[in-house]
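What follows is the residue order along each chain.
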Amino acid sequence: MKNIHLQAIEGKSAGYMGLVALLGAFILGALGSTYYMEHNGHWVTGMDNQVVWGMPHVFAVFLIVAASGALNVASISSVFNKKIYKPLAPLSTLVALALLAGGLMILVLDLGRPDRLIVAMTYYNFKSIFAWNMILYNGFFVIVGVYAWFMLDRTMKQYSRYAGITAFVWRLALTTGTGSIFGFLVARTGYDMAMMAPMFIIMSFSFGLAIFILVLLAAYNWTGRELGDVVLNRLRKLLGVFILAVLYFVFVYHLSNLYVAEHHGFEAFMLLGENGGEKYSMIFWIGQILLGSLIPLALIYAPAVANCRKTLTLASLLVVIGGLAQMYTIIIAGQAYPLEMFPGKTILESGFNDGLVSQYSASLPEILLGLGGFALSLLMIVFGVRVLGFLPASLADSVTDPHAKAE
Amino acid sequence: MNKNNVTQESVNISRRSFVEKSATAAAVFTIAPGVVLNQVHAKPAAEPVSDAKRWGILVDTAKCGNGCNDCVTACNEENGIESHGRPLTDQKWIRKIKLKDNLTNHVVSLPMMCQHCEKPPCVDVCPTGASFKRDDGIVLVDRHICIGCRYCMMACPYKARSFAHEAVDNKVEYQPRGKGTVESCTMCVHRVDNDRIPACVEACSSALIFGDLKDPQSEISMQLEKHGGKQIRADLGLNTGVRYRGI
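Computed from a predicted structure; not experimentally measured.

A.B. asks: Would you explain the interface of chain B and chain A in this entry?
C.D. replies: Interfaces are frequently sized by the accessible area removed from exposure as the parts join. Taken together, the contact between chain B and chain A spans 52 residues of the former and 53 residues of the latter. Of the roughly 4700 Å² buried between chain B and chain A, counting both surfaces, carbon and sulfur atoms make up 58%. One can count five salt bridges joining chain B with chain A. Here Asp110(A) ties to Arg150(B) by a salt bridge, and the two come within 2.8 Å at their closest N and O atoms. Elements supplying a minimum of two residues to the side of chain B that touches chain A: β2 (94-101), β3 (107-113), α4 (121-125), α5 (151-155) and β6 (162-163) of chain B. The leading source of residues in the side of chain B that touches chain A is β2(B), at seven residues.

Quick look at the structure:
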């Protein structure tokens, strides 16, 4: 492999400015939504006392999970020493940091009291998984930041492998923490499974890589830099493997629930749409399984479209949409299904909708807040590649392919 | 002579003091009997809560009136909880539930509120420690450090917590509440600390018994020993402070 030349983009074109302005508008939309929700109170959203985490959390958890996955490419290069990924490693760290920042922005702005962020930073209950996560998130920023610095600074480059290994271990811990937020909730039928942690790790691989591929394709396309098929096909096949792995975990998750009699009601609700679960079941089958898994798999593995970038773009976009659908089924459907307080009994009347499936529908401010988080992530990437040399000047096959003949 | 004078003076002083103290006591008992009675028995404010007691409530579902809502009304009045006409986002500290057994068709009615668990999941998950349990078993939210993340609502197996989805207009002095924080039944801690019983129990003396679960001579302990009492979701091992008979 030739020496890789990293080079910041010029970032003076009208297209660049337009992109910055568009993303800025989305961020303003999110801030406006936050003001509206915080000023009136959360009753103006789709959330209530049963579905307490709504659309903002779907976006936020998706981005946080994807952040850890976006670091994959760097991990494969530093930890597993795969040379072909080396040129992409700095960009991978930038995408990871940006996605985490976007996700956290949403989470914080959706708090009932975002003005008390300082309280969250100064009062810790160390038994709370949220408190662990605050440490894991902050640590991620520091460790991945240092990792990026070591890779970009020639004098520190020799230490980048150690930073990479630390970041790899840390990101696994981070996603374990995110999955455990749900996995350790014993009260709810849809959660209460330690498998949530490894499932979230696998989901992070898939979602993070899909976003990374989209960023890579967009960056090279828009800047007119060369991007060869060798790198793209490696990433394409890797994405295919990750999609299959997520499907496997989803299969085992539902299989475990189907085996246990007390969870049959939840599975009928989730898989068959019974007892008021029509909407959630549809999002599962159409959003998560068909659009988010099966079609991307076909697009990735069909020989007819082997080197087609448009299908890879579409497949990656569908993985992102499927990922959001999966987060929706986990977060929203998991809460919409009522708490099983009285096994063997039917609730005839309740002053608090006990025993009823909640029909959540997201309000516009919630969606705008979520999109604003995405926009912040993308803006950080767009800004990052302009100020520092995160992007290789060329990723042509002759540059990246280890088997290419030296010129 | 001197000795006699001294003795006479001592008698006069002690008689004067006796009359003065009696008059004060009579006046206080006449004007504010409740306050004094509470002061006599209550734990001094400076004294920390101890684990010598564990407060609990026993619900006898056989005596809980189907359609009766007295406990809910009393709780709302006591704690200033008002409906905004939006049942899904209104706060509920206590609600009535009517259940039918799927096999026997037996119907029971019961009040549902914070179960004041010995091992409360809401306390475990709270990132800031706003959700906490007192040594006497009462589970509370410190609404000054609650950030409104709602993780406790995700973790509670009883749907016992509500989020203040909008501004709280009716604030009572002993119950700090506000938009954007989570709240739930406090077992009327402001009453309990003043030797009074919770408002719901006061409103329903037939089906609800309040008392110290650690005192074998308390009525609640004696009733539990005699007739037993079940926990809702006993499988979770939370050791709830609220027990039910007849479910």
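Next comes the rest of the description.
A.B. asks: What exactly am I supposed to notice about the sheet that holds β3(B) here?
C.D. replies: Hydrogen bonds between backbone atoms are what pair the strands of a sheet, whose relative direction is either parallel or antiparallel. Here we have three strands laid out as an open sheet, ordered β2(A)-β2(B)-β3(B), and antiparallel in their pairing. Edge positions in the open sheet fall to β2 (345-350) of chain A together with β3 of chain B, since each of these has one partner strand only. Strand-to-strand twist in this sheet, taken as the mean axis angle between neighbours without regard to direction, amounts to 35°. Pairing analysis gives five bridges linking β2(A) to β2(B), with the strands arranged antiparallel. Counted as the bridge partner of Glu349(A) is Lys98(B) from β2(B). Against the sheet, helix α3 (residues 70-79) of chain B contacts β2 and β3 of chain B, and its axis sits at roughly 160° relative to β2(B).

A.B. asks: Honestly, the side chain of Asp101(B) in this entry has me stumped. Any pointers?
C.D. replies: You can see Asp101(B) is positioned in strand β2. Engagement of the side chain of Asp101(B) in a polar contact is seen with the backbone nitrogen of Thr104(B), the distance being 3.1 Å. Aside from chain neighbours lying at most four places away, what touches Asp101(B) is Gly344(A), Lys345(A) and His106(B).

A.B. asks: Where do I start with the packing of helix α10 (residues 264-271) of chain A against helix α11 (residues 278-301) of chain A in this structure?
C.D. replies: Helix-helix packing is described using two parameters, namely the angle between the two axes and the distance between the axes. All names here are of chain A. Two elements in contact, α10 and α11, have axes whose closest approach is 6 Å; the angle formed by their N-to-C orientations is 70°. With respect to each other, α10 and α11 are oriented roughly perpendicular. Residue-level inspection shows Phe269, Met270 and Leu271 of α10 in contact with α11, the latter providing Tyr280, Ser281, Phe284 and Trp285.

A.B. asks: Would you mind going over empty space enclosed by the protein with me for this structure?
C.D. replies: One simple way to see leftover space: roll a probe sized like a water molecule over the atoms. Residue and element names in this part refer to chain A. According to the stated counting rule, one finds nine cavities of 30 Å³ or more in the structure shown. What the largest cavity holds in volume is close to 120 Å³. In this structure, the largest cavity is lined by 14 residues; those nearest its centre are Tyr253, His254, Gln288, Thr329 and Ile330. Counting only elements with at least two residues in the lining of the largest cavity, the list comes to α8 (196-223), α9 (229-259), α10, α11 and α12 (309-336). Residue composition of the lining of the largest cavity, grouped by class: nine nonpolar, five polar and no charged.

A.B. asks: What should I look at first to understand unusual backbone geometry in this one?
C.D. replies: For residues that are not glycine, phi is negative in most cases, and the peptide bond is trans in most cases. Residues and elements named next belong to chain B. Phi at methionine 187 takes a positive value of approximately 55°, unusual for a residue other than glycine. On the secondary structure map, methionine 187 appears in the loop between β7 (182-183) and α6 (189-192). Since its relative accessible area comes to 1%, methionine 187 is described here as buried.

A.B. asks: Just checking my understanding: could you explain the pairing of strand β8 (residues 208-212) of chain B for this structure?
C.D. replies: On a regular strand, each side chain points to the face opposite its neighbour's, so the side chains alternate between the two faces of the sheet. Residue and element names in this part refer to chain B. With five of five residues buried, β8 is to be regarded as a mostly interior element. Bridge count for strand β1 (residues 55-60) against β8 is five bridges, and the pairing is antiparallel. Bridge pairing in β8 links glycine 56 to glycine 211.

A.B. asks: Looking at this structure, how should I read the layout of surface pockets?
C.D. replies: Residues and elements named next belong to chain A. By volume, the largest pocket is sized at about 930 Å³. Mapped onto the lining of the largest pocket, the elements with two or more residues apiece are α1 (14-40), α4 (89-110), α8, α12 and α13 (364-387). Of the residues that constitute the lining of the largest pocket, the class distribution is 27 nonpolar, five polar and three charged.

A.B. asks: I would appreciate a short explanation of the environment of Tyr159(A) in the present structure.
C.D. replies: Among the structural elements, Tyr159(A) can be located in the loop between α6 (129-152) and α7 (160-183). Taking the C-alpha atoms as reference points, Tyr159(A) and Tyr147(A), 12 residues apart in sequence, are found 8.6 Å from one another.

A.B. asks: What am I meant to see in the side chain of Ser204(A) here?
C.D. replies: Here Ser204(A) is to be found in helix α8. Non-local contacts of Ser204(A), meaning those with residues more than four positions away in its chain, are made with Val65(A), Ser68(A), Gly69(A), Arg171(A), Thr175(A) and Leu209(A).

A.B. asks: Looking at this structure, how should I read the sheet that holds β1(B)?
C.D. replies: Residues and elements named next belong to chain B. Taken in spatial order, the three strands make up an open sheet running β8-β1-β9, and their pairing is mixed. Of all the strands in the sheet, just β8 and β9 (242-245) have a single pairing partner and so form its edges. When the angles between neighbouring strand axes are averaged without regard to direction, this sheet yields 20°. This element, helix α8 (residues 219-227), spans β1, β8 and β9 of the sheet and lies at about 110° to β8.

Definitions and cut-offs
- Residues numbered from 1 in each chain as written.
- Chains lettered and ligands numbered in written order.
- Predicted model: local features only at pLDDT ≥ 70, side-chain atom pairs only at ≥ 80, totals over all residues.
- Heavy atoms only, no water.
- Contact = heavy atoms within 4.5 Å.
- Buried area = accessible area lost by both parts, 1.4 Å probe.
- Salt bridge = Lys/Arg side-chain N within 4 Å of Asp/Glu carboxyl O.
- Helix = DSSP H or I, 4+ residues; strand = E, 2+ residues; numbered from the N terminus.
- Pairing = 2+ DSSP bridges.
- Axes fitted to C-alpha atoms, helices over the stretch in contact; angles between N-to-C directions.
- Polar contact = N/O pair within 3.5 Å; in protein donor to acceptor, adjacent residues only side chain to side chain.
- Parallel < 35°, antiparallel > 145°, perpendicular 65-115°, else oblique.
- 1 Å grid on protein atoms, 1.4 Å probe; cavity = no way out; pocket = protein on both sides within 12 Å on 5 of 7 lines; lining within 4 Å.
- Points joined across faces, edges and corners; volume = space filled by probe spheres on them.
- Nonpolar A, V, L, I, M, F, W, Y, C, P; charged D, E, K, R; others polar.
- Buried < 20%, exposed > 50% of the residue type's maximum accessible area, 1.4 Å probe, protein only.

Spatial relationships are all this shows, so hold off on functional conclusions.
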